[in-house]
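Now for the letters of each chain:
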Amino acid sequence: MLKKLVTVILSVAMMLSLTAFAGAEETTNGGMVLYYPSYLQESEGETLTLAKKPERIVCLSNAALQILVRCDIHPVAVTTPSSAVDYPDWVLELPTISTGMSSLDIESVLAYEPDLVIVGSYQKETYGQQFADAGVSVYYTSEGPSIAYNEAKEEALTLAKSFGTEELVNEIAAEFAAVEERAANYCATHATRTMMIFFHTPGTYQQTSQGYLGSMLALLPFENLSDSLVDPSSRTVTMDTETALTANPEVIFAISPTAATADVIEGVYKETFAENPDLWNQLDAVKNDNIIYLSSEYVTSKGIQIVNSLNKLIDLLEERFPADTAAEASSVEEVTIQYPANMQEKGYTEAVTLASRPEKVVCMSTTPVLTLYELGVNMIVVPSSSVVTWPEELTATAQLLAMGHGTTFDIETVVAMEPDLVLLGYTSADTYGVQLTEAGIPVYYVDAGHTVSYDSIKSQTEVLIDAFGKDSEAGKAILQRFDDLESKLAATKEKLAGKTVMILQSAPPTHYIQTSGGTLGSMAEMIGLTNVYTNDASSMVELDMESALSYDPDLVLCVGMSKTGEEHQQLMEADYANNPEYWNSIRAFANSDVIYLPVTYVSSAGINVIDNISNLADLVLAHFAE
């Protein structure tokens, strides 16, 4: 349940996040631009540009076919239309070309002289070159049991953007938002049950929460036990009977690519159970008749049909499992967010109390984002950041707003979203904070600024866990990461005792030096390095080139705004070349005792500081071991 609400987008946030969708885009010469979803861009690029609008489309993807139908675009041939989709009669009258996971009658496709073929990406390796040789443009889609809900949603919106209008994109977005809100309401009124998805025959395959059906159930109050048995990203994998018996889920969902209807797969399963009842009745789900049989509609992706499939699934579950009044009551319990000691010292002593768990959270500071995400708090807005990459699942559901230092921002944008909680850096209390409070929106202030210390991040994380994930597995896991880091650093400090360091933050030709109070400087101190530079007035000042000659550190840690350490090293070495005599006068530079670090070490963005410090310790230990 911890991440379920992360994927639920309320309609206002969804509409705001779609401002970039402007409908089918024509090129200046009358061509057409087709867009790819983010997860296909690495292999296919961001767009496919056609020299002219296609007039003869062969559509071998049900996901794309549904969008073409809604755009009133008539292909010349199609794949076999899915029986789960209610297509208009004219689609059923079109010529069909059979496609399989490893087969395609490409001669039949080319016989239609298409100017665009739409086909699953799994066909690219086998047939892509033949299409290229024939001069046919190909747009690839995602197909199969490994396409998750969020991916199906993004592809539906991307196809609508490519072939349709802005109105169609918003219409489809609203359909997804509605079913997600329904799923959230179902979660609020039903207790969580453990479950497994049996794929094909009993006890042969299992599916995680990242599979097609698994991702739908991840929106509902079910704990997928397969996620703890195998890597969730493996999606659909083999399973033996012993594993199933050991896991012993309360509910089993049964699907099979060879069973078109629920009745067919139910017959197969019951026949198997009858052959060895003593074995199978060890499963509570079998013994209690808690097996939910589903048709092959739930086996592979069907594009926007997933909205109807999810609604039908909720209909079935509402009939099978009546609403849990205890769960409904617990969902409206008060949430109290205390302030940690360092914020109380700044005058923030009165806790923020909400009548219920917030469903529309705006986070205007980077430091709480990852903690809230892991605790399953639904954020509709997060700040864009140059120092941390947010999880794809989060950026797919939350709008990114530029909130950096000096950024001009209209707070009315946030007010219009009607959030039930805003987390805001305390440095904006007299500006944005006043406006939000006057609008009647609860505001919780967090430590903010260029340097937020490890201790501040840890204490802030602890109070957020206490408010949103007390006794939760996610909360325990986060706190364990802090404990593991601190245990590691105890050993690291012993190994690095006596080693000195100079911390440079550079944008060549300008260089700044940090004390142990700077972001990177504080990390260096935590792993056991002694800073050669001290300054009680400021944690970072411009480097005094003459004074630096006397510091003689054992190691230099150098950070800048580059995405990688290698990129920053290139910038620095170009600067060294302008004055090699000076830089070689400092022993650490002359001996290449310099570690170059990416932008992620410029400032902290919450609990990612744990991995940053741990990785820094590994880099430094490895350097001195050379």
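Our structure's up above, just so we're on the same page.
Residues numbered from 1 in each chain as written. Predicted model: local features only at pLDDT ≥ 70, side-chain atom pairs only at ≥ 80, totals over all residues. Heavy atoms only, no water.

Engineer: For the overall build of the chain, give the residues involved together with the corresponding values.
Structural biologist: What the chain contains, in helices and strands, is 28 helices and 28 strands. Taking 25 Å as the expected radius of gyration for a compact globule of 626 residues, we find that the chain reaches 28 Å, a close match to that expectation. By principal-axis analysis of the C-alpha atoms, the chain measures approximately 85 × 60 × 55 Å. When burial is assessed residue by residue, the chain has 52% of its 626 residues classed as buried. Relative to all contacts within the chain whose residues are 6 or more apart in sequence, the contacts with residues 24 or more apart total 67%. (Helix = DSSP H or I, 4+ residues; strand = E, 2+ residues; numbered from the N terminus. Rg over C-alpha atoms; globule rule 2.2 N^0.38 Å. Buried < 20%, exposed > 50% of the residue type's maximum accessible area, 1.4 Å probe, protein only. Contact = heavy atoms within 4.5 Å.)

Engineer: Residue-level account of the packing of aromatic side chains, with values.
Structural biologist: All told, the structure shown has 17 aromatic pairs when counted by the stated rule. Centre to centre, the rings of Tyr 454 and Phe 482 are 5.8 Å apart; their planes meet at 65°, and the pair counts as edge-to-face. Of the two residues, Tyr 454 is situated in helix α21 (residues 454-468) and Phe 482 in helix α22 (residues 473-496); the sequence distance between them amounts to 28 residues. Classification of Phe 482 by relative accessible area gives buried; the value is 0%. An aromatic cluster is defined as three or more aromatic residues linked by ring pairs; in this entry it consists of Tyr 339, Tyr 348, Tyr 426, Tyr 444 and Tyr 445. (Phe/Tyr/Trp six-rings, centres within 6.5 Å; stacked < 30°, edge-to-face > 60°.)

Engineer: Report on unusual backbone geometry, specifying residues and quantitative values.
Structural biologist: Note the cis peptide between Pro 508 and Pro 509, where omega equals 15°. Relative to the helices and strands, Pro 509 is located in the loop between β23 (500-507) and β24 (510-514). Residues other than glycine seldom take positive phi values, yet Glu 113 does so here, at roughly 50°. Among the structural elements, Glu 113 can be located in the loop between α5 (106-111) and β8 (116-120). Among the residues examined, Glu 113 registers a relative accessible area of 62% and is labelled exposed.

Engineer: Lay out the pairing of strand β22 (residues 443-446) in plain terms, naming residues and giving numbers.
Structural biologist: By the alternation rule, side chains of β22 split into Val 443 and Tyr 445 and Tyr 444 and Val 446, which are all buried. Pairing between strand β21 (residues 421-425) and β22: four bridges, direction parallel. The residue bridging Leu 423 from the neighbouring strand is Tyr 444, located in β22. For the crossover that starts at β21, traverses helix α20 (residues 429-438) and ends in the parallel β22, the hand is right-handed. (Pairing = 2+ DSSP bridges. Right-handed = clockwise from strand over helix to strand, strands pointing away.)

Engineer: Talk me through the sheet that holds strand β9 (residues 138-141); I want residue IDs and the actual numbers.
Structural biologist: If you trace the four strands from one edge of the open sheet to the other, you get β5-β4-β8-β9, paired in parallel fashion. Either end of the sheet is taken by a strand with one partner, and the two such strands are β5 (77-78) and β9. As paired strands, strand β4 (residues 57-59) and β8 are joined by three bridges and run parallel to one another. Directly across from Ile 57, in β8, lies its bridge partner Leu 116. Docked against the sheet, helix α7 (residues 149-163) engages β4, β8 and β9, running at close to 155° with respect to β9. (Axes fitted to C-alpha atoms, helices over the stretch in contact; angles between N-to-C directions.)

Engineer: How would you summarise the sheet that holds strand β20 (residues 399-401) if you had to cite specific residues and measurements?
Structural biologist: Taken in spatial order, the five strands line up as β20-β19-β18-β21-β22 in an open sheet, and their pairing is parallel. In this open sheet, the two edge strands, each paired with only one partner strand, are β20 and β22. Pairwise comparison of adjacent strand axes, ignoring direction, gives a mean angle of 20° for this sheet. Here strand β19 (residues 379-383) pairs with β20 via three bridges, running parallel. Across the sheet, residue Val 382 finds its bridge partner in β20, namely Leu 400.

Engineer: For the nonpolar core, give the residues involved together with the corresponding values.
Structural biologist: By size, the foremost hydrophobic cluster in this structure holds 81 residues, and its most contacted members are Leu 436, Phe 468 and Leu 557. The dominant element in this core, judged by the number of residues it contributes, is α21, at seven residues. With residues up to four places along the chain from it excluded, the contact list for Leu 436 reads Met 364, Ile 411, Val 414, Val 415, Val 422, Leu 424, Ile 441 and Val 443. Ile 106, Val 117, Val 169 and Val 251 belong to the second largest nonpolar core, which has 78 residues in total. (Core = buried A, V, L, I, M, F, W, Y, C linked by side-chain atoms within 4.5 Å.)

Engineer: A description of the environment of His 511 should follow, citing residues and the corresponding values.
Structural biologist: Structurally, the position occupied by His 511 is in strand β24. Judged by its relative accessible area of 3%, His 511 falls in the buried class. Along the sequence, His 511 and Arg 193 sit 318 residues apart, while their C-alpha atoms lie 57 Å from each other. Polar contacts involving the side chain of His 511 include one to the side chain of Ser 506, which spans 2.8 Å. Engagement of the side chain of His 511 in a polar contact is seen with the side chain of Asp 575, the distance being 2.8 Å. (Polar contact = N/O pair within 3.5 Å; in protein donor to acceptor, adjacent residues only side chain to side chain.)

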